[in-house]
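Residue-level listing of the chains:
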Amino acid sequence: MTSPTKEETVFNVENLNLWYGNTHALKNINMDIARNQVTAIIGPSGCGKSTFIKTLNRMVEMVPSVNISGTINYHGQGIFESKYMVEELRTRVGMVFQKPNPFPKSIYENVAYGPRIHGIKKKQDLDAIVEKSLKGAAIWDEVKDRLDENAYGLSGGQQQRICIARCLAIEPDVILMDEPTSALDPISTLKVEELVRELKKDYTIVIVTHNMQQAARISDRTAFFLNGEVIEMSDTDKLFSTPEDKRTEDYITGRFG
């Protein structure tokens, strides 16, 4: 009988603090994010969920007056170290936003955009990447005959899957998702959830969600944030069935939030 393999840590976050000006938005965050798992971040509005995932690829630094202390190690290397190239980090750690944000270009050009920036020019190579990425985002069959049409002509749910395909096209290691289904109808939401479950075979996924049922359905581990702190983090089934902290229980049973 083989012994179970030890989980590989992709992100190790230690004593992370973040301020927007004088506002202390993240307070002493400590957590590990494991490879090929879906980690859900839940909590009420304004508790630091989106701020936290935007620190993982340093997008939060685009906001003026941000100050950060603590460390985030990505595969053992500190992402705040001066020698760490932020462009490389954002290639390895892709992001899908709350609202679908396709470019005002064709479906094909949306997906080929990243590979082109990274120097891939041959049409047959781009064709292969576009097809693979659209298949990976479970939307190839819906758009394969419409690749030259503007992505704005697609439904919201389709646009979000195009944005996921655009993220996959640069072959990331991690996919950050900031409430990726909050603007979608229930059927599109289920399609994206099925896709997330499929993608974790090849990617590590961190998803911010307001929807606790969604976290329960698709994540392996869940972290509950409140007022910029991690109150509790554990296996999703455990967190929802037997939370250790009264505040977690009050939140998941709907007493606040």
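Residues numbered from 1 in each chain as written. Predicted model: local features only at pLDDT ≥ 70, side-chain atom pairs only at ≥ 80, totals over all residues. Heavy atoms only, no water.

### A word on the overall build of the chain
Scanning the chain from N- to C-terminus turns up 10 helices and 10 strands. With the C-alpha coordinates of the chain rotated into their principal frame, the extents come out at 55 × 50 × 45 Å. For the chain, buried positions account for 49% of its 257 residues. Taking all contacts inside the chain whose residues are at least 6 apart in sequence as the whole, residues at least 24 apart take part in 66%. Carbon together with sulfur atoms contributes 49% to the accessible area of the chain, which is approximately 12,600 Å² in total. (Helix = DSSP H or I, 4+ residues; strand = E, 2+ residues; numbered from the N terminus. Buried < 20%, exposed > 50% of the residue type's maximum accessible area, 1.4 Å probe, protein only. Contact = heavy atoms within 4.5 Å. Areas by Shrake-Rupley, 256 points an atom, 1.4 Å probe, with all protein chains shown as cover.)

### A word on the packing of helix α6 (residues 156-168) against helix α7 (residues 186-199)
Where α6 contacts α7, the two axes come as close as 9 Å, and the packing angle between them is 20°. Compared by their axis directions, α6 and α7 come out roughly parallel. In the crossing of α6 with α7, the sense of the turn from one axis to the other is right-handed. Contacts between α6 and α7 involve Gly157, Arg161, Ile164 and Leu168 from the former and Ser188, Lys191, Val192, Leu195 and Leu199 from the latter. Residue composition of the contact of α6 with α7, by class: five nonpolar, two polar and two charged. (Axes fitted to C-alpha atoms, helices over the stretch in contact; angles between N-to-C directions. Parallel < 35°, antiparallel > 145°, perpendicular 65-115°, else oblique. Left-handed = near helix turned anticlockwise from the far one by under 90°. Nonpolar A, V, L, I, M, F, W, Y, C, P; charged D, E, K, R; others polar.)

### Examining the side chain of Arg161
Tracing the chain through its elements places Arg161 in helix α6. Note on Arg161: relative accessible area 4%, which makes it buried. Looking at Arg161, its side chain comes within polar contact range of the side chain of Glu142, at 2.8 Å. In contact with Arg161, other than residues within four places in its own chain, are Ala137, Ala138, Ile139, Glu142, Lys191, Val192 and Leu195. (Polar contact = N/O pair within 3.5 Å; in protein donor to acceptor, adjacent residues only side chain to side chain.)

### A few points about unusual backbone geometry
The general pattern is negative phi for most residues beyond glycine and trans for most peptide bonds. If you check the backbone angles, Ser65 has positive phi at about 60° while not being a glycine. Its place among the elements puts Ser65 in the loop between α1 (49-56) and β4 (66-74). Unlike most non-glycine residues, Asn227 shows phi in positive territory, near 50°. Position of Asn227 relative to the elements: it lies in the loop between β9 (221-226) and β10 (229-235).

### Considerations on the sheet that holds strand β6 (residues 93-96)
Strand order in the open sheet formed by six strands is β6-β7-β8-β3-β9-β10, and the pairing between neighbours is mixed. Only two strands of the sheet have a single neighbouring strand rather than two, namely β6 and β10. Looking at each pair of strands side by side, their axes are set apart by 15° on average, direction ignored. Across six bridges, β9 lies against β10 in antiparallel orientation. Note that in β10 the partner of Phe224 across the bridge is Glu232. Relative to strand β7 (residues 174-178), α1 is tilted by about 155°, and along the sheet it contacts β3 (38-42), β6, β7, β8 (204-208) and β9. Most of the contacts of α6 go to β6, to which it runs at about 170°, and overall it touches β6 and β7. (Pairing = 2+ DSSP bridges.)

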